[in-house]
Structures are given as structure tokens and as C-alpha cells.
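Here is what each chain is made of, one letter per residue.
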Amino acid sequence: VVCSVSVDYLADPLPVFREIHRVLKPGGPALFTWSNRMFPTKAIAAWREASEPARLWICGAYFHYSVPGGFTPPEGVDLSPHAGRSDPVYAVSARKLAGPGGGANAKSEL
């Protein structure tokens, strides 16, 4: 699953991440990317007020808390092509785990 430049607008992200978990096969990846551009009137307050590094943490927390034990530890990276000279690009990814939180029978609340 790939979600580009939209995670900042999720008003209720945990059900979305649970649904992503539900549709992924074990080992399947989920990737969220964004830049520092947004529509401030649409982005959630926590995102607007967070620093760019803190936004990596926010997205990673969505993986962690949506399905406890269901994803690998999220990895956040700065993919900016020319740090300080171009628009930044950030990404957070994780993979669905097999097993108790990651099994095929995990329930979604969406």
C-alpha cells in the first residue's frame, strides 16, 4: 500500500491503518510519503504544530498503535534530494507481521 501526501489529513488515522493491515499479506509493505507542503486548513492540528522530524514520529505511531504487534517497527527517512535547497520529502514504512497481531484474522474496525 502506498499513500503519498495525504497522511497529514487523516482526522481518524487508526482505522485507516487497521484497514491497511487487514488488506496486506504477511510481509506486505505500507509506505507513506509527504513533503512540508500542506493545506493548513485541512491538516490535523498535531501535524501543523509538529516539527518535520516529529511528523515522522506521528506517522510511525499510527503503525504502532493501530494494530499492536501487527507491523514491523516503522522506519522513517528523509528522502530530500538536496537538503536545504529543495522541498523536503519524508517517508515512513512498515511491513505486516504474521502472527498474533499480524495474522490474517486480525479485525478491522472500518
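All residue numbers refer to position in the chain's written sequence, counted from 1. Note on the predicted model: pLDDT of at least 70 is required for a residue's local features to be given, and 80 or more for side-chain atom pairs to be given and counted; whole-chain, interface and lining totals, by contrast, use all residues. Side-chain figures throughout are based on the complete set of non-hydrogen atoms in the structure, without hydrogens or water.

### Observations concerning the environment of V1
For clarity, the threshold we go by: Comment: elements are numbered from the N terminus, with helices defined as DSSP H or I runs of at least four residues and strands as E runs of at least two. When accessible area is computed with a 1.4 Å probe and restricted to protein chains, residues below 20% of their type maximum are described as buried, those above 50% as exposed, and intermediate ones as partly exposed. Contact definition: two residues touch when any of their heavy atoms are within 4.5 Å.
With respect to the secondary-structure elements, V1 resides in the segment before strand 1 (2-4). Judged by its relative accessible area of 39%, V1 falls in the partly exposed class. Separated by 23 residues in the primary sequence, V1 and L24 place their C-alpha atoms 7.7 Å from one another. Not counting the four nearest positions on each side in its chain, V1 is found in contact with I20, V23, L24, P29, A30 and L31.

### Concerning the pairing of strand 2 (residues 29-34)
Where we set the bar: Strand pairing follows a simple DSSP-based rule, namely that at least 2 bridges must link the two strands. Classification remark: right-handed applies to a crossover when, strands pointing away from the viewer, the course from the first strand over the helix to the second runs clockwise.
Here strand 1 pairs with strand 2 via three bridges, running parallel. Across the sheet, the residue bridging to S4 is T33, located in strand 2. On the question of chirality, the crossover connecting strand 1 to the parallel strand 2 by way of helix 1 (residues 13-23) is right-handed. For strand 2 and strand 4 (residues 90-95), the ladder comprises six bridges, and the chain directions are antiparallel. Counted as the bridge partner of P29 is R95 from strand 4.

### A closer look at the packing of aromatic side chains
Note the following rule: The aromatic pairing rule takes the rings of Phe, Tyr and Trp, using the six-membered ring of Trp, and pairs them if the centres are within 6.5 Å, calling planes under 30 degrees apart stacked, those over 60 edge-to-face and the rest tilted.
One pass over the full model with this rule turns up eight aromatic pairs. Judged by centre distance (4.6 Å) and plane angle (10°), the ring pair of F17 and F32 falls under stacked. Here the residue F17 occupies a position in helix 1, and F32 occupies one in strand 2, the gap between them amounting to 15 residues. Take F17 and F32: they sit in the same class, and that class is buried. Between the aromatic rings of F17 and F63, the centroid separation amounts to 4.9 Å while the plane-to-plane angle is 85°, which identifies the pairing as edge-to-face. With F17 in helix 1 and F63 in helix 3 (residues 52-66), the pair connects residues that are 46 residues apart, well separated along the chain. Classification of F63 as buried rests on a relative accessible area of 1%. Within the aromatic cluster, the residues linked to one another by ring pairs are F17, F32, Y62, F63 and F71.

### A closer look at the nonpolar core
Among soluble globular proteins, nonpolar side chains are generally buried collectively. We apply this condition: What we call a nonpolar core is a set of buried Ala, Val, Leu, Ile, Met, Phe, Trp, Tyr and Cys residues that are connected through their side-chain atoms within 4.5 Å.
With 20 residues, the main nonpolar core has V7, F17, F32, W34, C59, F63 and F71 as its most contacted residues. Sorting the residues of this core by element identifies helix 1, strand 2, helix 3 and strand 4 as the ones contributing at least two each. If one sorts the elements of this core by residue count, helix 3 sits on top with four residues.

### Section: helix 3
Here is the rule: By definition here, a helix of n residues has an expected span of 1.5 Å times n minus one.
The end-to-end C-alpha distance of helix 3 is 22 Å, a good match for the 21 Å that 15 residues give at a rise of 1.5 Å each. Every buried residue belonging to helix 3 is among R55, I58, C59, G60, A61, Y62, F63 and S66, and all of these are buried. Contacts made by the buried residues of helix 3 are with helix 1, strand 2, helix 2 (45-49) and strand 4.

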